[in-house]
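If you want the building blocks of each chain, they are given just below.
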Amino acid sequence: MQDQHAWSGRFSEPVSELVKKYTASVGFDYRLAEFDIEGSLAHAAMLGRAGVLSADDLAAIRRGMAEIVEEIRAGRFEWRLDLEDVHMNIERRLTDKIGDAGKRLHTGRSRNDQVATDIRLWLRAQIDTIAGLIGELKGSLLDLAEQHADTVMPGFTHLQVAQPVTFGHHLLAYVEMLSRDAERMADCRRRVNRLPLGAAALAGTTFPIDRHYTAELLGFDGVCHNSLDAVSDRDFAIEFTAAASLLMVHLSRLSEELILWMSPRVGFIDIADRFCTGSSIMPQKKNPDVPELVRGKSGRVVGHLVSLVTLMKAQPLAYNKDNQEDKEPLFDTVDTLIDTLRIYADMMRGITVKPEAMRAAVLQGFATATDLADYLVKKGLPFRDSHEVVALAVRHAEGQGVDLAELPLAVLQGFSALIGDDVYAVLSPEGSLAQRDHVGGTAPARVRAEIGRHRAQQGA
Ligand code: ARG
């Protein structure tokens with residue numbers, strides 16, 4: 001005999017096979033199973049305390065759920081498509097095991113507040129994992145930045161050599177981005193961490209529930225204060241995916257740089273072989289596949305953000321089945337982010353830096369031209385005039401095929417009589433760096449101070 005659905009009493013014919021498949025979510029929401037059980041146990045405990053469930057029923061539910069958890073962990077649980085979703089699968093299994101007590105579990109609850117609770121519990125755990133992984137990646141960037149607090153490289157604007165910076169300073173820019181990403185995750189977690197249970201289908205329930213007690217059992221910071229909102233909005237998932245998108249965009253930018261730096265035309269770094277692949281036809285190739293994929297996968301996560309926002313856009317209050325579509329984008333966002341963060345922390349430890357190539361690029365690009373202009377300003381020349389003087393000097397040096405620092409004093413003095421032999425201290429990349437000695441500047445001492453500040457915050 002065809003198994004009856006939890007709601008089939010009202011219907012005169014079963015749904016078609018196609019509809020069954022189309023509407024089922026168990027193929028993906030099985031991932032919520034342990035959180036579903038955790039939520040059910042808290043709900044049951046609350047009902048027990050309120051006198052809605054007997055002590056015997058509560059004990060039976062706990063025993064049955066413990067067995068189900070074991071079955072799931074051992075891969076012995078049989079997920080049934082005809083039971084639609086993770087919630088009905090678990091409830092049915094519980095009822096098979098313990099009888100009527102299993103059917104009483106759903107008192108004062110609906111799948112609508114149940115699923116909203118499950119997703120929040122699941123997402124909260126994922127955010128905690130992600131926070132730890134961001135910390136690890138920051139740690140590996142800080143280690144590399146420390147090794148290269150003095151390493152000169154060209155800083156770019158418009159991808160043209162602009163001014164010298166240290167490689168450590170450059171890496172710290174990404175540490176800053178990741179720090180904000182971690183803040184966004186922590187902030188988002190506060191809004192994820194509220195309890196929908198008790199909203200029931202949409203209007204609350206007639207049973208004497210204690211939502212604060214359920215919230216406390218589940219470690220929520222508070223309850224959702226409107227039942228219609230609690231079961232219907234997925235803004236917390238959208239917010240998380242937005243934070244995840246920004247994080248992926250930051251890693252995509254770093255990836256783009258790694259790819260560029262590893263190109264033989266630039267040659268600033270090498271990436272360990274275990275993160276690269278070869279070509280099946282060109283024996284000389286070593287391709288930076290991992291950063292390329294990170295760059296590619298950032299598009300995928302941004303796509304999930306667009307999916308979720310669009311999913312929410314036209315939904316009237318309260319719950320609609322549309323919301324079942326929240327899971328796959330959210331799950332894939334988390335999976336992609338976690339894998340990416342893990343691989344990235346390891347990859348940054350496998351980078352070989354080539355300081356000679358970085359320094360040579362600084363010297364080729366007249367990177368200290370601004371330093372010469374600042375030098376002349378300090379000697380009394382208005383900035384616009386000194387800009388002009390230096391532009392002429394650069395043009396001359398370019399014609400000679402030499403750097404500014406290689407022009408003899410007499411030649412430099414031909415552009416401005418204000419130039420003295422102390423000019424060479426500012427024309428060297430190291431001189432240029434040392435002078436940018438303020439909070440946020442690239443002077444090696446400042447870079448070391450920032451590394452210390454980040455480390456102290458991470459330790460805290
Ligand atoms: N599988 C559903 C979801 O993911 C659970 C809630 C279904 N509720 C309902 N009344 N059909 O959203």
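Residues numbered from 1 in each chain as written. Predicted model: local features only at pLDDT ≥ 70, side-chain atom pairs only at ≥ 80, totals over all residues. Heavy atoms only, no water.

- The name recorded for the protein in an unreviewed UniProt entry is Argininosuccinate lyase, from Crenobacter intestini.
- For the protein, the Sequence similarities (unreviewed entry) comment in UniProt is given as "Belongs to the lyase 1 family. Argininosuccinate lyase subfamily."
- Listed under Subcellular location (unreviewed entry) in UniProt, the entry text for the protein is "Cytoplasm". (UniProt positions renumbered as here; feature names shortened; annotations may be inferred.)

### Notes on the overall build of the protein
And step 1. If you tally the helices and strands in the protein, you get 20 helices and six strands.
And step 2. For 460 residues, the compact-globule formula gives about 23 Å, and the C-alpha radius of gyration of the protein, at 31 Å, lies well above that figure.
And step 3. With 460 residues in all, the protein has 50% of them scored as buried.
And step 4. Residue pairs at least 24 apart in sequence account for 74% of intrachain contacts in the protein once pairs closer than 6 positions are excluded.
And step 5. For the protein, the accessible surface area stands at approximately 21900 Å², while carbon and sulfur atoms represent 53% of it. (Helix = DSSP H or I, 4+ residues; strand = E, 2+ residues; numbered from the N terminus. Rg over C-alpha atoms; globule rule 2.2 N^0.38 Å. Buried < 20%, exposed > 50% of the residue type's maximum accessible area, 1.4 Å probe, protein only. Contact = heavy atoms within 4.5 Å. Areas by Shrake-Rupley, 256 points an atom, 1.4 Å probe, with all protein chains shown as cover.)

### Remarks on the site of the ligand
And step 1. Taken together, S25, D85, H87, R111, N112, V115, Y319, Q324 and K327 are the residues near the ligand.
And step 2. N112 is positioned with one of its side-chain polar atoms (N or O) 2.9 Å from a nitrogen atom of the ligand.
And step 3. For the ligand, a nitrogen atom lies 2.8 Å from a polar atom in the side chain of Q324.
And step 4. For the ligand, whose free accessible area comes to 340 Å², the fraction covered by protein is 85%.
And step 5. Of all the elements, helix α7 (residues 111-147) adds the most residues to the shell around the ligand, at three residues.
And step 6. Across the shell around the ligand, the residue classes break down as two nonpolar, four polar and three charged. (Near = heavy atom within 4 Å. Polar contact = N/O pair within 3.5 Å; in protein donor to acceptor, adjacent residues only side chain to side chain. Nonpolar A, V, L, I, M, F, W, Y, C, P; charged D, E, K, R; others polar.)

### Looking at the UniProt feature "domain: Argininosuccinate lyase C-terminal" (unreviewed entry) in the protein
And step 1. As recorded in UniProt, the sites labelled "domain: Argininosuccinate lyase C-terminal" (unreviewed entry) are residues 366-433.
And step 2. Summarising residues 366-433: 66% helix, 0% strand, and an end-to-end C-alpha distance of 14 Å.

### Focus on the pairing of strand β1 (residues 152-157)
And step 1. In this structure, β1 lies alongside strand β2 (residues 160-166), joined through six bridges in antiparallel fashion. Opposite M153, over in β2, you have V165 as the bridge partner. (Pairing = 2+ DSSP bridges.)

### Some points on the side chain of T166
And step 1. Within the element layout of this structure, T166 appears in strand β2.
And step 2. You can call T166 buried: its relative accessible area is 0%.

### Some details on the nonpolar core
And step 1. In terms of nonpolar packing, the biggest core is built from 94 residues, with F240, L258, I269 and M348 touching the most fellow members.
And step 2. Among the elements that make up this core, the one with the highest residue count is α7 (14 residues).
And step 3. With residues near it in sequence (within four places) discarded, I269 still touches F167, L258, W261, M262, I351, T352, V353, K354 and M358.
And step 4. Formed by 19 residues, the second largest nonpolar core is a distinct cluster that contains A369, A373, A397 and L404. (Core = buried A, V, L, I, M, F, W, Y, C linked by side-chain atoms within 4.5 Å.)

### Brief notes about the packing of aromatic side chains
And step 1. The tally for this structure, following the rule as stated, stands at four aromatic pairs.
And step 2. A ring pair is formed by F77 and W79, whose centres lie 4.3 Å apart and whose planes are at 45°; its orientation type is tilted.
And step 3. Given the relative accessible area of 9%, F77 is considered buried.
And step 4. With a centroid separation of 5.4 Å and an interplanar angle of 70°, the aromatic rings of F167 and W261 are classed as edge-to-face. Separated by 94 residues along the polypeptide, F167 in helix α8 (residues 167-192) and W261 in helix α11 (residues 235-262) bring together distant segments of the chain. As far as the burial class goes, F167 and W261 line up, both buried.
And step 5. These aromatic residues form a ring-pair network of at least three members: Y30, F77 and W79.
And step 6. A cation sits over an aromatic face here: R49 above Y213, 3.7 Å from the ring centre. (Phe/Tyr/Trp six-rings, centres within 6.5 Å; stacked < 30°, edge-to-face > 60°. Lys NZ or Arg CZ within 6 Å of the ring centre and 35° of its normal.)

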